[in-house]
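# Structural overview for review
The residues making up each chain are set out below.
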Amino acid sequence: MPGVRVRFAPSPSGSLHVGGARTALFNWLFARGQGGRFILRIEDTDRERSSPEMVEDILGALQWLGLDWDEGPFLQSERLDRYRQVADQLLSANKAYRCSCSTAELAAKRQAASASGKPWKYDGTCCGLSSDRSAERHARGLPGVVRFKGPRDGEVAFEDRIFGRIVHQAKQIEDFVLVRSDGMPTYHLGVVLDDLDMKISHVIRGADHISNTPKQILLYRALEQPVPVFAHLPLILGPDRTRLSKRHGATAVNTYRDQGYLPSPFCNFLALLGWSPKSEVESLSTDELIHQFSLKGVNKSNAVFDLEKLSWFNSRYLRNAPAERLFPLIKVELDSEGLWNDEFDSSGRAWMMKVIDLLKQRVRMVSDFATQGRAFFTDDFAIEDKARRKFLKSEVLTVLMPELAARLESLTAFGLEETESALRTFAAEKEVKAGLLINAARALLTGKAVAPGIFEVMAALGQERTVARLSDTSWMEDEPRAGE
Ligand code: GLU
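Residues numbered from 1 in each chain as written. Predicted model: local features only at pLDDT ≥ 70, side-chain atom pairs only at ≥ 80, totals over all residues. Heavy atoms only, no water.

## Let's talk about unusual backbone geometry
Rules: We count a stretch as a helix when DSSP gives it H or I for four or more residues in a row; a strand needs E for two or more, and each element gets its number in order from the N terminus.
Residues Gly72 and Pro73 are joined by a peptide bond in cis, for which omega reads 0°. Along the chain, the position of Pro73 falls in strand S3 (residues 71-75). Even without a glycine there, the phi angle at Asn94 is positive, about 60°. Here Asn94 is to be found in the loop between helix H3 (80-92) and strand S4 (96-99).

## Here we look at the layout of surface pockets
What counts here: Using protein atoms alone on a 1 Å grid, points that fit a 1.4 Å probe yet trap it form a cavity, whereas open point sets bounded by protein on both sides within 12 Å along at least five of seven lines form a pocket; residues with an atom within 4 Å of a point count as lining. Grid points are joined across faces, edges and corners, and a volume is the space filled by probe spheres set on the points.
Taken as a whole, the largest pocket spans an internal volume of roughly 1,100 Å³. Looking at the largest pocket, it is lined by 41 residues, and the ones nearest its centre are Pro10, Ser11, Gly20, Asp208 and His209. Going through the elements one at a time, strand S1 (5-8), helix H1 (18-34), helix H6 (187-197) and strand S9 (202-206) are the ones with two or more residues in the lining of the largest pocket. The greatest single-element share of the lining of the largest pocket, amounting to four residues, is contributed by H1.

## Overview of the packing of helix H19 (residues 434-446) against helix H21 (residues 463-471)
Here is the rule: Fitted lines through C-alpha atoms give the axes, limited to the stretch in contact for helices. The angle between two N-to-C directions lies from 0 to 180 degrees. Here is the rule for angles: anything less than 35 degrees is roughly parallel, anything more than 145 is roughly antiparallel, 65 through 115 is roughly perpendicular, and the remaining ranges are oblique. The contact criterion used is simple: two residues touch if any of their non-hydrogen atoms lie within 4.5 Å.
For the pair H19 and H21, interaxial distance at closest approach is 9 Å and the crossing angle is 105°. Regarding the angle of H19 to H21, the classification is roughly perpendicular. For the pair H19 and H21, the contacting residues are Ala441, Leu444 and Leu445 in the first and Thr466, Arg469 and Leu470 in the second.

## Let's talk about the sheet that holds strand S2 (residues 37-42)
Worth spelling out the cut-off: If DSSP finds at least two bridges between two strands, the strands pair.
Spatially, the three strands line up as an open sheet ordered S1-S2-S3, and their pairing is parallel. What marks the edges here is a single partner per strand, and that holds for S1 and S3. Sheet twist, expressed as the average angle between the axes of neighbouring strands with direction ignored, equals 25°. Packing against the sheet, H1 makes contact with S1 and S2, and its axis sits at approximately 160° to S1.

## Structural notes on the nonpolar core
Put simply, the rule is: What is meant by a nonpolar core is a set of buried Ala, Val, Leu, Ile, Met, Phe, Trp, Tyr and Cys residues, joined one to another through side-chain atoms within 4.5 Å. Throughout this description, buried means an accessible area under 20% of the type-specific maximum (1.4 Å probe, protein chains only), exposed means over 50%, and partly exposed covers the range between.
Counting residues in each nonpolar core, the largest one holds 56 residues, and the members touching the most others are Leu334, Phe369, Phe376, Phe377, Met401, Met458 and Leu470. Here this core gets eight residues from one element, more than from any other, and that element is H19. In this view, Leu334 contacts Leu339, Trp340, Phe344, Met352, Ala370 and Phe377; residues no more than four positions away in its chain are not counted. Formed by 53 residues, the second largest nonpolar core is a distinct cluster that contains Trp69, Leu244, Val253 and Ala271.

## A closer look at empty space enclosed by the protein
As a reminder of what qualifies: Classes in brief: Ala, Val, Leu, Ile, Met, Phe, Trp, Tyr, Cys and Pro nonpolar; Asp, Glu, Lys and Arg charged; the others, Gly included, polar.
In total, this model carries one cavity of 30 Å³ or more according to the counting rule given. Computed from the structure, the largest cavity encloses a volume of approximately 50 Å³. Lining the largest cavity, in full, are Leu359, Arg362, Gln372, Phe376, Thr446, Lys448, Val450, Ala451 and Pro452. Residues belonging to the lining of the largest cavity are distributed by class as follows: five nonpolar, two polar and two charged.

## Examining the confidence of the model for the protein chain
Just so we agree on the cut-off: One confidence number per residue, pLDDT, is output by the predictor and ranges from 0 to 100.
Averaged over every residue, the pLDDT of the protein chain is 94; the share at 70 or more is 98%. Note on residues 480-484: pLDDT is under 50 here. Beyond four places in sequence and across chains, it has nine contacts.

## Structural notes on the environment of Lys121
Our working definition: Polar contact is the term for a pair of N or O atoms within 3.5 Å; when the atoms are in protein, one must be able to donate a hydrogen and the other to accept it, and sequence-neighboring residues count only if both atoms are side-chain atoms.
If you trace the backbone, Lys121 turns up in the loop between helix H4 (103-115) and helix H5 (131-139). Between the C-alpha atoms of Lys121 and Asp175, which are 54 residues apart in sequence, the distance is 8.1 Å. Apart from residues lying up to four places away in sequence, Lys121 is in contact with Lys171, Gln172, Ile173 and Glu174. Engagement of the side chain of Lys121 in a polar contact is seen with the backbone oxygen of Lys171, the distance being 3.3 Å.

## A short note on the site of the ligand
Put simply, the test is: For each residue, the test is whether any non-hydrogen atom lies within 4 Å of the molecule or strand; if one does, the residue is near. Throughout, the Shrake-Rupley method with a 1.4 Å probe supplies accessible areas, and for residues the shown protein chains are the sole cover considered.
In the region of the ligand, the neighbouring residues are Arg7, Ala9, Pro10, Ser11, Glu43, Tyr187, Val191, Arg205 and His209. Here Arg7 contributes a side-chain N or O atom positioned 2.6 Å from an oxygen atom of the ligand. Between an oxygen atom of the ligand and a side-chain N or O atom of Arg205, the distance comes to 2.7 Å. Here the ligand loses 80% of its free accessible area of 300 Å² to cover by the protein chains. The residue inventory of the shell around the ligand, partitioned by class, reads four nonpolar, two polar and three charged.

## Points about H1
To be explicit about the condition: A helix is expected to reach a length of 1.5 Å times the quantity of its residues less one.
Taking 1.5 Å of rise per residue, the 17 residues of H1 would be expected to cover 24 Å, and the 24 Å separating its terminal C-alpha atoms lies within 8% of that figure. Of all 17 residues that make up H1, 14 are buried, and the element is covered over most of its length. Of the residues trailing H1, Gly35 is marked for its positive phi of about 65°.

Take a look at the structure:
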């Protein structure tokens, strides 16, 4: 589509939220798929609630997700003159007026309306003032706002690309504020002027903005400018079907990043919050998402945020990723856990690749390499209670494990076949089940009740470490074995 220009316009009053990230992603996918431009704009005119730290947080989260922007970031706070100039233009054209109703007056009227069960909208008190009178009040320094002077009759309709035709009656739309008493533009004025100046072709944003759209359309009309295409995205709900919030767990994108989720599966997960691919396959790479995404595929119905699905995408991605790609991410994790050893990137690099390939089968997040896989990177690990309780209970193990260690020590080759046959022969001789020894060996070698195949673990640890761990009897003296 020629001339596609879309934007993501977060307000930096908090971290980038999952809902914001989904909006950014849909805009980005649309721009990339259509050969258009993706513009980043920071809506920071609410001075009390905006902060530079949050701008940094948002930019960092977008970069982490890989959503690169072609223009911007533009800051609304740097365009204040432009908004004031247009507000003045609207005032002179009698399409806006100054209002000096005080907050207290408005609150009293709102309260009276609600007491009589009527919906409140600004009653236009100041609209009737002659322009001289209102200019005089302004000159006297009475604090006031600039309000848009809306039509009193007719319809405001638009064709939403996702929700279809939406019609409002003009008389129900209040004369909304364009410029606050501190001289700052409101969201409506800023958003419309920016979308115009930035030549935005499609406004793709959350459905919570549907109710703002008629006001913005009125402003486009007053400015005698064409209206962009609107496409509102369905809301995101928590598993209990209420609007997604902190009650449902982390909502900030950076928290997921810090927990070890990866950008590609995270984008895959976000993409499915309100969009359905044409194919049956839900697990898609970013390139596939770009290729398949269309506004037609966006649903009206609310999307449900399902953490299980995110974990599933993440583990699937890890399982399928080449060890070389995961290596730098794992390095960061190991480093932060104090497990990094420079040899892992020199003489031990080939070994690391094998260990990564082994561990990636079972992990859900990158951080699991350092936690579940700890015993591969250090000898300083504990045997988890669950493993101890389930697999180290039998008294015979106190004799059998050191004997098994001796048997393994005598092997001249230490491959999967050799270790497996040694263990099974030993079990048969001792008339115990091989499973008893396998489970106990797993607990002693990895500290975990669940781990990769035991003979692969032995091969990865090598003969020396395997023998040392199996012959070390200190676990018997550790605190009373749970379950006893
Ligand atoms: N700053 C607004 C928000 O964060 C942008 C709304 C819009 O895209 O028009 O919700």
